[in-house]
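Residue-level listing of the chains:
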Amino acid sequence: MDAVVQLLRNALCCVKDLNLLSSTFLYDPKYTAKFYKFPEPHLNQTTPLEVFISISQLYAFVSCALSGYKLIKNNGLLKLKRLGRVADNLKDKYRSIKTPKVAMII
């Protein structure tokens, strides 16, 4: 689902950046005003295309925030600490190995 929303958001941003379909309702702020009256002076110029883009960005934010919360809730922090201990153990184990010297080409 996230990939579909990301694809849709990118497509909407391309439509806006390339000024495609400029004669449709997507660029008409009066169409947005039918459903919600934004405050003056700049927000009332919001087009339906910008509303669609903002909704898809809000979905991306919420889904990432929930995924992060679930990771923390399901012992994600403990997994991260365990990975840190494994990395430290590997570093200590292979500390005595000499690194090869690389000739610099100028």
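Definitions and limits used
- Residues numbered from 1 in each chain as written.
- Predicted model: local features only at pLDDT ≥ 70, side-chain atom pairs only at ≥ 80, totals over all residues.
- Heavy atoms only, no water.
- Core = buried A, V, L, I, M, F, W, Y, C linked by side-chain atoms within 4.5 Å.
- Buried < 20%, exposed > 50% of the residue type's maximum accessible area, 1.4 Å probe, protein only.
- Helix = DSSP H or I, 4+ residues; strand = E, 2+ residues; numbered from the N terminus.
- Contact = heavy atoms within 4.5 Å.
- Patch = residues over 30% accessible without salt bridge, like charges linked within 9 Å, V, L, I, M, F, W, Y side chains within 5 Å.
- Areas by Shrake-Rupley, 256 points an atom, 1.4 Å probe, with all protein chains shown as cover.
- Salt bridge = Lys/Arg side-chain N within 4 Å of Asp/Glu carboxyl O.
- Lys, Arg positive; Asp, Glu negative; His and termini not counted.
- Charge placed at Lys NZ, Arg CZ, Asp CG, Glu CD.
- Expected span 1.5 Å × (residues − 1).
- Bend = angle between axes of the 7 residues up to and from the residue.
- Phe/Tyr/Trp six-rings, centres within 6.5 Å; stacked < 30°, edge-to-face > 60°.

Q: Can you break down the nonpolar core residue by residue, with the values?
A: Counting five residues, the largest nonpolar core consists of Leu-12, Val-15, Leu-26, Leu-49 and Ile-53. Within the residue set of this core, elements represented by two or more residues are helix H1 (2–17) and helix H3 (48–93). Setting aside residues up to four positions removed in sequence, Ile-53 forms contacts with Leu-12, Cys-13 and Lys-16.

Q: Break down a nonpolar patch on the surface for me, with residues and values.
A: A cluster of nonpolar side chains, namely Leu-58, Phe-61, Val-62 and Leu-66, defines an oily patch on the protein surface of about 390 Å² accessible area. Classification of Phe-61 as exposed rests on a relative accessible area of 56%.

Q: Give me the lowdown on a positive patch on the surface, citing residues and values where you can.
A: On the surface, Lys-79, Lys-81, Arg-82 and Arg-85 cluster together into a patch of positive charge. Relative to the assigned elements, Lys-81 resides in helix H3.

Q: Lay out H3 in plain terms, naming residues and giving numbers.
A: A rise of 1.5 Å per residue sets the reference length of H3, with its 46 residues, at 68 Å; its end C-alpha atoms lie only 59 Å apart and thus fall more than 12% short of the reference. Bending of H3 peaks at approximately 75° at the position of Asn-75. For H3, the full list of buried residues reads Pro-48, Leu-49, Ile-53, Ser-56, Ser-63 and Gly-76. Where the residues of H3 are buried, they touch H1 and helix H2 (29–33).

Q: Quick one: what's the story with unusual backbone geometry, residue by residue and with numbers?
A: Across residues other than glycine, the phi torsion is negative in most instances, and most of the peptide bonds are trans. In this structure, Asn-19 takes a positive phi of about 55° despite not being glycine. For Asn-19, the location among the structural elements is in the loop between H1 and H2.

Q: Tell me about the packing of aromatic side chains, residues and numbers included.
A: Within the structure shown, the criterion is met by two aromatic pairs. Here the aromatic rings of Phe-25 and Tyr-31 are separated by 5.0 Å at their centres, their planes lie at 55°, and the arrangement is tilted. Owing to a relative accessible area of 41%, Phe-25 belongs among the partly exposed residues under this scheme. For Tyr-31, a relative accessible area of 30% gives the class partly exposed. Taking the centre distance of 5.5 Å and the plane angle of 70° together, the rings of Tyr-31 and Phe-35 count as edge-to-face. Chaining the aromatic ring pairs together yields one cluster made of Phe-25, Tyr-31 and Phe-35.

No statement about biological role is implied by the geometric values presented.
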